[in-house]
Structure formats: C-alpha cells, structure tokens
Amino acid sequence: MLKTRIITALILAPIAIGGIFFLPPLGFALFMAAIITLGAWEWANMSGFEQQPMRIGYAAFIAAILYGLFDVSAVPVLWLALLWWVVCFLLVRNYPAGSGWWGSRPVRALMGVLVLVPAWVGLNHLRAAGFQFGNTDNNLLVILYVFCVVWVADIGAYFAGRAFGKAKLAPRVSPGKSWAGVYGGLVAVTVLALAASSLASASMVETMMLIAATLVTGLVSVLGDLLESMLKRFRGIKDSSALLPGHGGILDRIDSLTAAAPVFALIITQLGWLTVGHL
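The rules behind each value
By convention here, each chain's residues receive numbers from 1 onward along its written sequence. In view of the model being predicted, local features appear only for residues whose pLDDT reaches at least 70, and side-chain atom pairs are presented and counted only at 80 or more, with totals across whole chains, interfaces and linings using the full set of residues. The side-chain figures draw on all heavy atoms in the structure; neither hydrogens nor water molecules are used. Take a side-chain nitrogen of Lys or Arg and a carboxyl oxygen of Asp or Glu: if they are within 4 Å of each other, that pair is a salt bridge. Strands here mean DSSP runs of E at least two residues long; helices mean DSSP runs of H or I at least four residues long; both are numbered from the N terminus. Residue exposure (1.4 Å probe, protein chains only): buried if accessible area is under 20% of the type maximum, exposed if over 50%, otherwise partly exposed. Every angle, taken between N-to-C directions, lies between 0 and 180 degrees, and every axis is a line fitted to C-alpha atoms, over only the stretch in contact when it is a helix. If an angle is under 35 degrees, it is roughly parallel; if it is over 145, roughly antiparallel; if it lies from 65 to 115, roughly perpendicular; otherwise it is oblique. If you view the pair so one helix is near and one far, a crossing is left-handed when the near helix is turned anticlockwise from the far one by less than a right angle, and right-handed when it is turned clockwise. Contacts are assigned to residue pairs that have any heavy atoms within 4.5 Å of one another. The patches reported here contain residues having more than 30% relative accessible area and no salt bridge. Joining distances are 9 Å for like charges and 5 Å for nonpolar side chains (Val, Leu, Ile, Met, Phe, Trp, Tyr). Note on areas: these come from Shrake-Rupley sampling with a 1.4 Å probe, and a residue is covered only by the protein chains present in the view.

Digging into the pattern of salt bridges
All chains considered together, the criterion is met by five salt bridges. For Lys-177, the salt bridge is made with Asp-225, and the minimal N-O distance between the two is 3.2 Å. Taken together, the positions of Lys-177 in strand β2 (residues 174-178) and Asp-225 in helix α9 (residues 204-235) put the pair 48 residues apart, joining distant regions of the chain. Overall, the relative accessible area of 14% leaves Asp-225 in the buried class. Across the pair Lys-238 and Asp-239 runs a salt bridge whose closest N-O atoms are separated by 4.0 Å.

Below is the structure:
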C-alpha cells in the first residue's frame with residue numbers, strides 16, 4: 001500500500017503543481033473544474049446514487065453549474081458557502097440525530113452542490129481577483145497559502161493528537177480526531193500566519209488580521225473533513241472512490257480544501273486584500 005501511495009503521489013504531484021501554479025486564470029478555472037467534476041462523480045455515490053448513468057449525470061449537472069457561474073460575481077456565492085458551513089457544523093455536531101431529514105438521496109445531492117460549487121468559485125476568485133497583502137500581490141502565493149493552511153493544520157493535528165489526543169472531537173463521526181488535534185492544528189497555522197506576514201513585510205494590524213482569518217479557515221477545514229466523514233459513515237463506505245490508488249478518491253484529498261477555500265476567499269475579500277471581481 002505504501003508503494004502504491006508513493007507511485008500515485010509521484011504521478012499526481014507534477015500534474016497538480018502544473019495545473020495550479022503554471023496555468024493562466026482561465027486554464028486554472030478549467031483545471032479546477034475538471035477536479036470538481038470528478039469530485040461530483042464521487043459525491044453522487046456518497047449521496048446514494050450507485051449506478052454510473054446517475055453518477056455521470058450528477059457530475060455533468062455540477063459542471064453545467066460551474067459553466068454558468070463564469071461571469072457571476074463570486075462574493076454572493078462565498079457568503080452562501082459561509083452560511084452553509086455554519087449549517088454543517090450543526091449537522092456534524094448532532095449526528096446521527098438529524099440524519100432523518102438530510103439522509104435522502106436528493107438532499108445529499110444538494111449538499112454536494114453547496115460544497116463543490118463554492119469551493120471552485122473561491123479558488124477561482126483567489127486566482128483571478130486583484131490581491132495585495134503587505135508587499136505581496138501574487139495571486140499564486142495566496143492560493144499556495146490556502147493549501148498550506150490545510151496541510152499545516154492537518155500535520156499539527158496529527159502530531160498533537162498522537163501526543164495528547166484523549167478527548168475525542170466527534171467520536172460518532174470520526175473517532176480518530178481529538179480536541180488536542182484541533183488545538184495543535186490551530187497553533188501550527190498561527191505560526192504559519194506569522195511566518196507569511198513576516199515574509200510579506202505586513203504591518204502589525206495586517207498580521208493580526210491574517211492570524212484571525214487563518215484560525216477561522218483552519219477550523220472550517222476540519223469541518224470539511226468531518227462532513228465528508230459523516231456522509232461516508234452514513235453511506236457505509238470507507239473512501240469516496242478508488243480513483244487514486246492508495247489514497248482513496250478525489251474528495252478524500254480535497255475535503256478540507258472545499259471548506260477552507262471559499263471561507264478564506266470571503267474573509268480576505270472583506271478585509272480588502274482581494275478585490276471583488278468576476279470569474
């Protein structure tokens with residue numbers, strides 16, 4: 001399994017790096033749309049649609065929504081995403097209570113729209129809008145920063161959870177996660193925000209705002225992971241798919257990012273670091 005994971009990572013890494021950091025905004029949008037569409041194919045299965053025609057149809061439906069949002073202002077979609085993740089917090093906290101009303105296939109399919117579409121909108125807003133923080137105005141760096149928040153939060157949570165993780169975070173959803181892991185992840189992303197602010201020669205006010213934005217984003221990234229875990233547990237499956245040998249599915253890799261990207265994009269837009277634009 002380790003060999004398979006390494007081989008898959010070695011194949012996917014240059015594709016991901018090239019698609020994210022070396023494409024123009026339109027190419028980036030199309031690249032991310034392809035990833036989100038594959039994620040939609042997986043989400044259809046988590047929604048209870050096992051037949052391939054239904055899964056492909058759902059993926060095509062998500063792709064059509066993305067196409068329709070190319071010329072739409074991103075900010076209303078990002079506000080909708082923030083509201084949705086507040087709702088998700090309540091769903092995860094109360095699970096399995098409440099699953100009676102969201103457990104039907106159509107409702108779970110709608111949940112996928114609310115997760116996948118804003119994630120694509122948020123990432124494209126980060127890539128295409130004007131950006132300024134400290135002495136930095138490179139959009140690619142802000143995208144890299146969002147990825148780093150997700151990765152660093154996960155790494156910090158892993159080590160803190162291994163060392164101190166006795167009190168479980170959401171045992172009915174994801175028994176392996178602990179409150180110590182959450183705190184460890186938040187400490188880790190705080191250090192990341194301080195380092196990024198220093199490199200960008202940010203002011204003290206900008207630094208404090210970035211720390212706050214990063215902490216919120218780190219917390220929401222945990223929620224993205226928990227939501228997918230909840231849906232997989234309800235569905236009775238371990239992975240979202242087997243598209244990535246040794247790694248599970250696309251959604252297993254980007255579940256935290258689907259929550260982090262739109263929320264972070266909204267926060268820094270409201271702070272004035274990202275100009276409001278169109279996809």
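Concerning the packing of helix α2 (residues 25-46) against helix α3 (residues 52-68)
For any two helices packed against each other, the geometry is given by the interaxial angle and the distance between the axes. One can describe the packing of α2 onto α3 by two numbers: an axis separation of 8 Å at closest approach and a directional angle of 140°. The orientation of α2 relative to α3 falls into the category oblique. Classified by chirality, the crossing of α3 by α2 is right-handed. Across from Ala-33, Ile-36, Thr-37, Ala-40, Trp-41, Glu-42, Trp-43, Ala-44 and Asn-45 in α2, the residues of α3 making contact are Gln-52, Arg-55, Ile-56, Tyr-58, Ala-59, Ile-62, Ala-63 and Leu-66.

Points about a nonpolar patch on the surface
A cluster of nonpolar side chains, namely Leu-141, Leu-144, Trp-151, Ile-155, Tyr-158 and Phe-159, defines an oily patch on the protein surface of about 630 Å² accessible area. Within the secondary structure layout, Leu-141 lies in helix α7 (residues 139-164). By relative accessible area, which is 45% here, Leu-141 ends up partly exposed.

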